[in-house]
Amino acid sequence: MTMNSGWKRLNVGVVGGGIGGMSVAIALRRAGHEVTIYERSDFAGEVGASVSCAANGTRWLHEWGVDVAKGDPVVLKKLINRDWKTGEPVSVYSLDDYEKRWGYVYNMFHRQYMHSMLKDSALGDEGEGTPAKLLVNHKCRDINLQSNEITFENGTSAHHDLIIGADGIGSAVRGILGIRPEKRPSESSCLHANVDTDEAVRLGLVDYSQDSALEYWGGQEGKWDKIVLSPCNNGKLLSYYCFFPRDQGDYSTQAWGAESRPVEELLKPYPHLDRQVLQHLSIGKEIQPWRLWVHDPYPYIHQGSVCLLGDAGHPMMPHQSQGACMAIEDAAALGILFNKQYFNGDIGQALAAYEEVRLPRVTRVQAAAAKAAYNINERIGFSVNKDTPTYKVEDPKKVLTIEEMNAYDMYRDIEEKLAAKRGSPYTGKFICGLPIGLELPSGITIGA
Ligand SMILES: Cc1cc2nc3c(=O)[nH]c(=O)nc-3n(C[C@H](O)[C@H](O)[C@H](O)COP(=O)(O)OP(=O)(O)OC[C@H]3O[C@@H](n4cnc5c(N)ncnc54)[C@H](O)[C@@H]3O)c2cc1C
């Protein structure tokens with residue numbers, strides 16, 4: 001890599017030490033910078049649920065040298081959509097050739113394992129660059145956008161060259177940047193439950209972990225009811241996301257982490273659900289509400305030397321399983337923009353390019369996630385299963401596909417945006433990171 005003559009080492013402050021905060025700390029320490037992460041909690045409340053990482057996220061974990069085995073993932077082999085009542089498969093998307101096609105697997109992690117895997121890479125002595133520092137019990141209260149000074153509720157303050165707001169869906173940094181979200185509670189509610197695979201097997205129930213699949217019940221009928229099952233911890237834990245219409249139970253103001261809800265509350269909305277999965281839910285534990293709010297895209301995600309990353313910058317509905325991947329992609333973009341090849345010392349220019357690279361892509365995924373909430377045919381993977389008898393999508397040319405997610409080349413996208421900013425010609429055969437001539441299953445050819 002040739003060094004850009006204006007490159008300089010930055011003192012970076014990251015507000016929020018979740019999945020995105022840890023990821024950006026890894027990316028920026030590798031790019032040569034000094035990183036401090038400020039986290040409001042002490043992580044005692046990390047959510048006990050699965051989180052998926054498709055190839056577009058996994059590729060960065062490998063590029064950064066993260067020890068993925070520490071996350072104890074299940075490598076997914078299929079996406080299965082089942083009939084609500086009978087459990088018979090309705091639409092199946094095989095992932096058998098996924099790694100061969102895209103170079104990386106589709107991982108399903110447990111959040112706590114994924115978080116600690118990323119934390120080890122961000123803070124550990126091993127790996128490129130200076131280990132990041134983590135200061136817990138540092139809740140950001142304010143940032144002076146002129147002086148770049150962060151003040152914390154514990155009375156301390158810190159100055160940084162570059163500040164990244166990775167403080168999640170309720171972001172304080174977002175408000176400090178003057179962004180007021182247009183948001184409304186989702187039409188659907190969600191309760192999450194964990195099922196211990198061994199216990200299910202002991203009771204003679206189906207061993208869904210054997211499928212190594214992300215499995216869905218319902219979703220074809222244009223209704224809000226849907227069960228999503230993801231196996232994690234090498235199959236030992238089954239993580240169930242149970243969606244139902246909000247008028248059957250409103251959890252939009254209840255936070256995760258309180259006492260477990262009673263199991264009757266979990267089963268109540270589902271009188272007609274496939275008995276096999278209902279029996280699993282009846283032994284569900286740690287039943288927690290997941291507050292779901294729909295946010296419209298934000299007009300900008302940076303100002304001065306401060307930017308937003310992950311859910312702080314683009315919260316999305318969970319129905320494309322891309323929230324964590326998008327946070328990882330954001331981190332990757334900052335890691336590239338501030339590396340020795342591309343960063344010329346102009347922080348404002350790098351953050352403007354960051355916004356141009358990230359906003360269109362995350363907005364597209366955000367919109368597709370909102371559509372997939374009530375129509376599973378809009379979900380990446382199922383979106384190309386046109387032979388499914390009940391297949392129907394809003395606009396076949398606009399469906400989001402695995403090709404668009406995984407054929408994307410972020411380096412080329414960044415080069416294109418930086419060339420425009422620096423007045424130099426861009427000769428790559430890519431448009432917004434997608435190769436010219438790529439035929440998407442939606443019938444669109446890139447550049448045509
Ligand atoms: C139950 C659940 C299941 C999910 N499943 C999936 C999935 O299967 N696939 C997927 O891709 N995505 C999933 N997501 C979404 C995904 O977890 C998020 O998109 C992803 O974690 C975003 O990372 P983040 O770093 O932006 O936010 P978070 O991981 O939420 O981290 C934000 C951090 O900021 C800290 N913080 C907040 N305010 C402050 C402050 N003022 N000062 C300092 N620190 C602060 C918080 O304590 C937290 O540690 C799921 C989310 C939940 C809750």
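- The protein carries the name FAD-binding domain-containing protein in an unreviewed UniProt entry, which gives Penicillium citrinum as its organism.
- Here the protein is described in UniProt, under the heading Sequence similarities (unreviewed entry), as follows: "Belongs to the paxM FAD-dependent monooxygenase family."

## Concerning the overall build of the protein
For step 1, the next point in the chain: Counting its secondary structure elements, the protein contains 12 helices and 23 strands.
For step 2, the next point in the chain: A compact globule built from 448 residues should have a C-alpha radius of gyration of about 22 Å, and the protein, at 22 Å, falls within 12% of that.
For step 3, the next point in the chain: Counting only C-alpha atoms and orienting by the principal axes, one finds that the protein spans roughly 65 × 55 × 40 Å.
For step 4, the next point in the chain: The burial tally for the protein puts 48% of its 448 residues in the buried class.

## Concerning the site of the ligand
For step 1, the next point in the chain: For the ligand, the set of nearby residues contains 34 residues, the closest of which are Gly16, Gly18, Gly20, Gly310 and Gly323.
For step 2, the next point in the chain: Of the residues forming the shell around the ligand, the biggest block, 4 residues, is contributed by helix H9 (residues 323–337).
For step 3, the next point in the chain: When its residues are assigned to classes, the shell around the ligand shows 15 nonpolar, 14 polar and 5 charged.

## Let's talk about unusual backbone geometry
For step 1, the next point in the chain: Although it is not a glycine, Asn148 adopts a positive phi angle of roughly 60°.
For step 2, the next point in the chain: Inspection of the secondary structure assignment puts Asn148 in the loop between strand S9 (140–144) and strand S10 (149–152).

## Regarding the sheet that holds S9
For step 1, the next point in the chain: One open sheet holds the 3 strands; their spatial order is S9-S10-S11, and the pairing between them is antiparallel. Only two strands of the sheet have a single neighbouring strand rather than two, namely S9 and strand S11 (157–159). Sheet twist, expressed as the average angle between the axes of neighbouring strands with direction ignored, equals 20°.
For step 2, the next point in the chain: Sheet topology places S10 next to S11; 3 bridges connect them, and they run antiparallel. Bridge pairing in S11 links Ile150 to Ala158.

## A look at the pairing of strand S14 (residues 188–196)
For step 1, the next point in the chain: Counting buried positions over the 9 residues of S14 gives 8, a clear majority of the element.
For step 2, the next point in the chain: Sheet analysis places S14 next to strand S17 (residues 237–245), joined by 9 bridges and oriented antiparallel. By the bridge assignment for S17, Asp196 is matched with Leu237.
For step 3, the next point in the chain: Taken together, the 3 bridges between S14 and strand S18 (residues 285–289) define a ladder with antiparallel strand orientation. From the neighbouring strand, Leu191 faces S18, where its bridge partner is Pro289.

## Details of the sheet that holds S17
For step 1, the next point in the chain: Judged by pairing direction, the sheet is mixed, and its 7 strands sit side by side in the order S6-S5-S15-S16-S17-S14-S18 without closing on themselves. Two strands lie at the open edges of the sheet, namely strand S6 (89–94) and S18, each paired on one side alone. Across this sheet, the average inter-strand angle for adjacent strands is 15°, counted without regard to direction.
For step 2, the next point in the chain: Helix H8 (residues 275–282) contacts S14, strand S15 (213–218), strand S16 (226–232) and S17 of the sheet and is inclined by roughly 105° relative to S17.

## Description of helix H10 (residues 347–372)
For step 1, the next point in the chain: Here H10 spans 37 Å end to end across 26 residues, near enough to the 38 Å set by a 1.5 Å rise per residue.
For step 2, the next point in the chain: The largest bend along H10 measures about 30° and falls at Arg358, with the proline Pro360 one to four residues further on.

## Side note on the environment of Gly127
For step 1, the next point in the chain: When you line up the elements, Gly127 lands in the loop between helix H4 (111–123) and strand S8 (133–135).
For step 2, the next point in the chain: When the C-alpha atoms of Gly127 and Ile26 are compared, they prove to be 9.0 Å apart, with 101 residues separating the residues in sequence.
For step 3, the next point in the chain: With near-sequence residues (within four places) excluded, Gly127 lies in contact with Gly65 and Ser121.

## Focus on the pairing of S9
For step 1, the next point in the chain: Direction of pairing for S9 relative to S10: antiparallel, over a ladder of 4 bridges. Within S10, the position partnered with Cys140 by the bridge is Phe152.
For step 2, the next point in the chain: Turn length for the S9-S10 hairpin, with the two strands adjacent in sequence and antiparallel, is 4 residues, and the turn residue Asn148 shows positive phi of about 60°.

## Quick look at the packing of H9 against H10
For step 1, the next point in the chain: In the contact formed by H9 and H10, the axes pass within 10 Å of each other and the chain directions differ by 160°. Between H9 and H10, the crossing angle belongs to the class labelled roughly antiparallel. For H9 against H10, the interelement crossing comes out right-handed. Contact with H9, carried on its side by Met326, Asp330, Ala333, Leu334 and Leu337, involves Ala350, Ala353, Tyr354, Val357, Arg358, Val362 and Val365 of H10 and no other residues of that element.
For step 2, the next point in the chain: Of the residues in the contact of H9 with H10, the class split is 10 nonpolar, no polar and 2 charged.

## A closer look at H9
Quick reminder: α-helices carry 3.6 residues per turn. Residues three or four places apart thus point the same way.
For step 1, the next point in the chain: The terminal C-alpha atoms of H9 lie 21 Å apart, and with 15 residues this matches the ideal 21 Å at 1.5 Å per residue to within 8%.
For step 2, the next point in the chain: Among the 15 residues that make up H9, 15 are buried, leaving the element largely enclosed by the rest of the structure.

## As for the packing of helix H1 (residues 19–30) against H4
For step 1, the next point in the chain: H4 packs onto H1 with a crossing angle of 25° between their chain directions and a minimal axis gap of 8 Å. Relative to H4, the element H1 lies roughly parallel. In this structure, the crossing between H1 and H4 has a hand that is left-handed. Where H1 abuts H4, its residues Ile19, Met22, Ser23, Ala25, Ile26 and Arg29 lie against Met114, His115, Leu118, Lys119, Ser121 and Ala122.
For step 2, the next point in the chain: Residue composition of the contact of H1 with H4, grouped by class: 7 nonpolar, 3 polar and 2 charged.

## A word on the environment of Tyr113
For step 1, the next point in the chain: For Tyr113, the position within the fold is in helix H4.
For step 2, the next point in the chain: Taking the C-beta count within 10 Å as the criterion, Tyr113 has 19 such neighbours and is therefore assigned partly exposed.
For step 3, the next point in the chain: Distance in space between the C-alpha atoms of Tyr113 and Asn233 is 8.3 Å, their sequence separation being 120 residues.
For step 4, the next point in the chain: With residues up to four places along the chain from it excluded, the contact list for Tyr113 reads Gly71, Asp72 and Asn233.

Conventions used here
- Residues numbered from 1 in each chain as written.
- Predicted model: local features only at pLDDT ≥ 70, side-chain atom pairs only at ≥ 80, totals over all residues.
- UniProt positions renumbered as here; feature names shortened; annotations may be inferred.
- Helix = DSSP H or I, 4+ residues; strand = E, 2+ residues; numbered from the N terminus.
- Rg over C-alpha atoms; globule rule 2.2 N^0.38 Å.
- Buried ≥ 20, exposed ≤ 12 C-beta atoms within 10 Å, placed from the backbone.
- Near = placed C-beta within 6 Å.
- Nonpolar A, V, L, I, M, F, W, Y, C, P; charged D, E, K, R; others polar.
- Pairing = 2+ DSSP bridges.
- Axes fitted to C-alpha atoms, helices over the stretch in contact; angles between N-to-C directions.
- Contact = placed C-beta atoms within 7 Å.
- Expected span 1.5 Å × (residues − 1).
- Bend = angle between axes of the 7 residues up to and from the residue.
- Parallel < 35°, antiparallel > 145°, perpendicular 65-115°, else oblique.
- Left-handed = near helix turned anticlockwise from the far one by under 90°.

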